[in-house]
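# Per-entry structural report
In case you want the letters, here they are:
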Amino acid sequence: MSFTFDYEANADRLEEFESFIDKEKTKKGSLMAILHKGQKLFGYLPIEIQEIISKKTKIPIAEIYGVVTFYSQFSLVPKGKHEIGVCLGTACYVRGAQDVLDEVKDQLGIDVGGTTSDLNFSIQATRCIGACGLAPVMTISGDVYGKLKTEDIKEILDSYRNEEVKK
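Note on numbering: residues in each chain are counted from 1, in written sequence order. Local features in this predicted model are restricted to residues whose pLDDT is 70 or higher, and side-chain atom pairs enter the listing and the counts only when it is 80 or higher, whereas totals over whole chains, interfaces and linings include all residues. Side-chain calculation: all heavy atoms of the structure are included, whereas hydrogens and water are not.

## Quick look at helix H3 (residues 47-57)
Basically, it comes down to this: Relative accessibility under 20% of the residue-type maximum defines a buried residue, over 50% an exposed one, and the middle range a partly exposed one, all with a 1.4 Å probe and only protein chains included. In this text, helices come from DSSP runs of H or I with a minimum length of four residues, and strands from runs of E with a minimum of two, each type numbered from the N-terminal end. Residues count as neighbours in contact if any of their non-hydrogen atoms are within 4.5 Å of one another.
Taken together, the buried positions of H3 are Glu48, Ile49, Gln50, Ile52, Ile53, Ser54 and Thr57. The secondary structure elements touched by the buried residues of H3 are helix H1 (11-24), helix H2 (30-42) and helix H4 (61-70). Backbone geometry just after H3 places Lys58 at a positive phi near 65°.

As structure tokens, this is what we get:
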């Protein structure tokens, strides 16, 4: 799934971002601060934003891309309104977390690291979240669901989908 960056809808954020870059670009090690600001403002760092950073800082875009893809806190795709984390720590994994993750992926039609086209859900495979007694565990927007079975997934996801309809 690819997303198109909307320059017009982000005009105010772009102005703020470019001003931030102008202030930071001469500082040693400024790239990380610029990337964090971009991630915070836009929710992700698409190629269009990386090109702006490259143009303003004179840092090669390949170097910027390398940093963005190295650190897990940066994303190349927008995050969904509801971020889903399926724990693949040892306890969760041996109790069926991979089946839970596969069911979530099937239900949403996206892979790990992906976002649904309506920007409602994103999926991440996470490591231990410290709820091993509830394994397998999944979180959605900070809500924790434990002792999951694959047949539970559709109903849980529907509750978040229906939340949108009620509003």
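## Thoughts on the nonpolar core
The nonpolar side chains of a soluble globular protein tend to be buried, and buried together. The condition is simple: Nonpolar core, defined: a set of buried Ala, Val, Leu, Ile, Met, Phe, Trp, Tyr and Cys residues in which side-chain atoms within 4.5 Å join the residues together.
By size, the foremost hydrophobic cluster in this structure holds 23 residues, and its most contacted members are Ile84, Val104, Leu108 and Met138. If you list the elements that add at least two residues to this core, you get strand E1 (82-87), helix H6 (97-108), strand E2 (121-126), strand E3 (138-140) and helix H7 (153-166). Counting residues per element, this core draws most heavily on H6, at five residues. Not counting chain neighbours up to four residues away, the residues in contact with Met138 comprise Ile84, Gly85, Val86, Val104, Asp143, Val144, Tyr145, Leu148, Ile153 and Ile156. In terms of nonpolar packing, the next biggest core, distinct from the first, is built from 20 residues, Phe17, Phe20, Ile49 and Val68 among them.

## Quick look at the sheet that holds E1
Counted only if it meets this: Strand pairing is defined by DSSP finding a minimum of two bridges between the two strands. Inter-axis angles, ranging from 0 to 180 degrees, are taken between N-to-C directions of lines fitted to C-alpha atoms, where helices are fitted over the stretch in contact.
Taken together, the four strands give an open sheet; going across it, the order is E2-E1-E3-E4, and neighbouring strands pair in mixed fashion. Edge strands, defined here as strands with exactly one partner in the open sheet, are E2 and strand E4 (143-145). Between one strand axis and the next, the sheet turns by 20° as a mean value, whatever way the strands run. Strand direction decides the pairing type here: E1 and E2, joined by six bridges, are parallel. Each bridged residue has a counterpart across the sheet, and for Glu83 the counterpart in E2 is Ser122. Sheet strands touched by H6: E1, E2 and E3. Its angle to E1, the strand with the most contacts, is close to 155°.

## A few points about the environment of Ile61
Examined against the element boundaries, Ile61 turns out to sit in helix H4. Considered as a pair, Ile61 and Gly85 are 24 residues apart in the sequence and their alpha carbons are 30 Å apart. Among all residues touching Ile61, those that are not within four sequence positions of it are Ile47, Gln50, Glu51 and Ser54.

Geometric values such as these leave the question of function open.
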